[in-house]
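Spelled out from the first residue to the last, the chains are:
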Amino acid sequence: MTFETGGSIGRRLRGFSRLIPGLVASGLVALLLVLQAWAPLERMVDNQVIRWHGAHGWDPRLVMISIDDKTIDQIGQFPISRDYYAELLKLLSRDRASVVAFNLILSDNVASDSPPAGSIPPTANENGTGRALGRSATARMAKAMQQHGCVVLGQVWNSGGEVIEPVPILTKAAFAIGHLRLPFDRDGFTRTVEVTYRGVPALGVAAAQAYGVNHALKSAPDNNLSNFQINWPGPVSELTTLSMVDVLSGAVPSSFFTDRIVFVSYGATSSHTPMRTPFNYRWPVPGGYMHPAVVDNLLNQNWLRPVSDQVVLLILLLGGPLLSGMLFRWEWPVQLTVALLLLSVWLLVGVTALQMGYLLPIVSPGAVILGTSLFVVVWRQLQSNALLQVRSAFLNTMSHEIRTPLNAIVNLSEMLQETPLSDRQREYAETLYGSSQTLMALVNDVLDFSKIEAGQLTIEDYPVNICDIIERSIDLVASRAAAKNIEIVYAIAPNVPGVIMSDPVRLQQILSNLLSNAVKFTAVGEVTVRVEAHPCHRPNPQTRWQRLLQQIKQCLNRPSANRHQADRQSKTSRSSQSGLYDLCFEVIDTGIGIPAERIPHLFKPFSQASASTTRKYGGTGLGLSISKRLSERMGGDIWVKSTLGRGSQFYFNLKTQVAQTTLPPPKYLTGLRGTRLLVIDSNQTRREQIGRHLQAVDIQALQAKSLIEAQELVSNALIFDGLILDEAVVSTMSESGPQFEGLRSILGDRQIPIIVLSALNSDLSRTPDSVVILWKPIKQSALYQVLRSICPPTLNAAPRTLISRPDVLVNKANIKILIAEDNRVNQQVALRLLEFLGYSADVVETGVEVLAAIKHRHYDVVLMDMRMPDMDGVEATRQIRQLPQHRDIWIIAMTANVTPSDHRLCLAAGMDDYLRKPIKREALSRALDRNPRLQRIALD
């Protein structure tokens, strides 16, 4: 006995769920098919398919003799005398016409049986039989019918159901009788014919049977077939049609009607029931043309054979689920393409089937194809939303459970490093802290990815200082770069706006991810960040279909570096009057590079260049995937070029507008306007960017990449007010170390101020106090600060002004803080963090204890955990805000839940601030400093 595992059952359920959209679509279409709801639309499509197929031509054996307006005008009577029919039959007998079918009602004798004077006289017959039957025109017609031997007459039924037959003498002389019922569909088209009606065959069927007496027919409709669908040969104008008066007058060549099937019918549309055919759908034509079409189908065995409803239902009910299972393999752009392709193929099959005499349903299978495609998209979206909600709830719960112990690991390992430790203990503490930071980054990446997948990630729009964003991103990797002796430099093109409208958090997240990867995979060399801006026109509002086509194009086309480079070059020539820019960031490294075959997989979740890369360098492979999603949400894209062993260039762009705010130069540098500085740096990118920073505050900067170039500038009698140089240039002056006095003597000024660009891990023990140190990577704000040291006697530089809060005045012992946290470890962490910041606090474990504590003692701040037993932090906050005497308590939420909804929930409950676990000391300090009442209490 075997048992299925849960995974096997789950796979089967998922497999069955893929068939549900097809079952629903095919079931609905089949139900509408049974109710004949598709019939009107099917008729329209059938007409169009027949026209697409084209006319196959009328059988040359068919001839129509029309009693048209010309005939009536010349004869001068209506209805005309049957003597003319007798004369016509004699002529057709002479020419040996095979069958003559009258699409006329010959039910009684009429006054016009005697031809009017001056009309075309019927030919007299002198034999005895003719004298016996020649008493009337009807008799003369019957005699002519007998002489021909193969004449078919028609009969009808009145509104009361009574039969209207030809006069008996004509009935006896006729070879066969056929009914003249002309069927119409609801749209006015004639498509089908009743093979028999009350035991009487249709006129066309009777004519074909009469022709088959002397000629072999391929086949005939089944006797059990009540009707069949006419396969119209073409427009009725293409059928050989002769005016009766022309035939009687001898205008038709002799023997023209030999072996022909001749139909005689009224052709005056004013007096005959009109009909429409697929080829004559704009103007009605005489209904008599239906019978030649029937004979044409019978002679050529090409009447339309429709598929039975049972077969159609079976195909629909099976085809829908099969198509549904197939479409689930692809994304929606491919699904749409496949559906349209299948629909086109089915139309082609329908047109081809007409060639073989089969009329296939088009609308109902097409409805199943389109309906299944639509339901698959909707079903996948519903499944995706349900899975995303379950996954989001799971990740939120797991995030909370992971962050709670991680809060203790991060903070206690950091605190441990600030205590006296042995070398081995410090190594362990640093490893513990680094691992906790890695785990924290992993948790944040997973949550960001989950929010992006769930569509819950919002992109804000704030003024963003491009320079600050780049420098903050560089700061995050500066220490790692310095440990590996890697230079990090950036260059901002002159046309890049200083302040743009964007999301600073997400923009820094993308840039930080790219910089972190660049430093991680680079052992020697440098990492460079470049920013370019290309003005572009404001896009015109797009229609829904234009946006849909653009999304399909983005899904089907993979970005390439060449395409983006061409786009950037084309956009350079556009006007910038709209203030809309295409901002392009480039992160260049000199690292290990990426194999070409792995580049398409870089931006997929949990994907890296190779398994060995993951083992050696670590990481989850989520950073680039998140960066791609973020860049797309910000109106741009991300792509890469790389050479194995030589490095990589990552690009990302975004659409942005110039912010209304501007960045005025610092006022304390006003006195340095017009000064001249010499910048000596072998790194061209950093040297040029420093020049741009100095130019922004009206300081002239001359650049040299070596001391030799600097001496050439000095030899040209140029006087400099200050010197900025890289420590690598200084170290080449002497093997024993930098000789700044010798450098001043080379420049000819022993008092010239010197600013040295130094790496974070440099040994500056022998650097004199007269030299100012500027740490690399260079930050604009730090550069402007050290420029204050350049104050030659000839200049009146603005005095230094330091604005800071004097912490010595703060009496933190006056501040009463309550910690509401149920986890004992996190209680200790919060207490130690507050101790490091100079505060003390009380601790409670539940929301109920919070309410009890504030009744016995007034607290200025409550650090409130959101999840606590008995009463959570949200409910405790609501009840506190209802107490008038405690409404001024500053409540700060402490939670491991990091979704926007959790943040909004805290603020809606009445909390004043929000801290995410693990809580960092700096974040806690800033949260306490943001309390205006706390500042007032502290200074009392």
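Bear in mind the structure is a predicted one, so any value in this text is a computation, not a measurement.

Enquirer: Sorry, what's going on with the overall build of the protein here?
Expert: Within the protein one finds 32 helices and 32 strands. Split into buried and exposed, the 940 residues of the protein put 47% on the buried side. Contacts spanning at least 24 positions in sequence make up 76% of the contacts within the protein whose residues lie at least 6 apart.

Enquirer: Got a minute to help me understand the sheet that holds strand S31 (residues 890-895) in this structure?
Expert: One key point about sheets: their strands pair by backbone hydrogen bonds, in either a parallel or an antiparallel sense. Strand order in the open sheet formed by five strands is S29-S28-S30-S31-S32, with parallel pairing between adjacent strands. Each of the sheet's edge strands pairs with one partner strand only, and the pair in question is strand S29 (841-844) and strand S32 (913-916). Strand-to-strand twist across the sheet, computed as the mean angle between neighbouring axes with direction ignored, equals 20°. As paired elements, strand S30 (residues 861-865) and S31 share five bridges and run parallel to each other. Within the sheet, the bridge partner assigned to Leu 863 lies in S31 and is Ile 892.

Enquirer: Could you clarify how one ought to interpret the packing of aromatic side chains in this entry?
Expert: Each aromatic ring pair is summarised here by two numbers: the centre-to-centre distance and the angle between the ring planes. Evaluated as defined, the whole model comprises seven aromatic pairs. Between the aromatic rings of Phe 228 and Trp 303, the centroid separation amounts to 5.8 Å while the plane-to-plane angle is 55°, which identifies the pairing as tilted. Note that Phe 228 is positioned in strand S9 (residues 227-229) and Trp 303 in the loop between helix H11 (290-300) and strand S14 (305-306), a separation of 75 residues in sequence. Residue classification places Trp 303 among the buried residues on the basis of a relative accessible area of 8%. Measuring from ring centre to ring centre gives 4.7 Å for Phe 585 and Phe 652, while their planes differ by 5°; the resulting arrangement is stacked. Taken as a pair, Phe 585 in strand S20 (residues 580-589) and Phe 652 in strand S22 (residues 647-658) lie far apart in primary sequence, 67 residues in all. The class of Phe 585 is buried, set by a relative accessible area of 0%.

Enquirer: Which parts of the structure should I look at to understand the pattern of salt bridges?
Expert: Think of it this way: side chains of opposite charge can pair up when their charged atoms draw near. Evaluated as defined, the whole model comprises 24 salt bridges. For Arg 191, the salt bridge identified is with Asp 185, shortest N-O distance 2.6 Å. Note on Arg 191: relative accessible area 7%, which makes it buried. Between Asp 912 and Arg 881 there is a salt bridge; the shortest N-O distance is 2.7 Å. Residue Asp 912 is found in the loop between helix H30 (900-909) and S32, and its partner Arg 881 is found in helix H29 (residues 873-881); the two are separated by 31 residues along the sequence. Salt bridges sharing partners connect three or more residues here, namely Glu 487, Asp 681, Arg 686, Asp 726 and Lys 776.

Thresholds, definitions, all that
Residues numbered from 1 in each chain as written. Predicted model: local features only at pLDDT ≥ 70, side-chain atom pairs only at ≥ 80, totals over all residues. Heavy atoms only, no water. Helix = DSSP H or I, 4+ residues; strand = E, 2+ residues; numbered from the N terminus. Buried < 20%, exposed > 50% of the residue type's maximum accessible area, 1.4 Å probe, protein only. Contact = heavy atoms within 4.5 Å. Pairing = 2+ DSSP bridges. Axes fitted to C-alpha atoms, helices over the stretch in contact; angles between N-to-C directions. Phe/Tyr/Trp six-rings, centres within 6.5 Å; stacked < 30°, edge-to-face > 60°. Salt bridge = Lys/Arg side-chain N within 4 Å of Asp/Glu carboxyl O.

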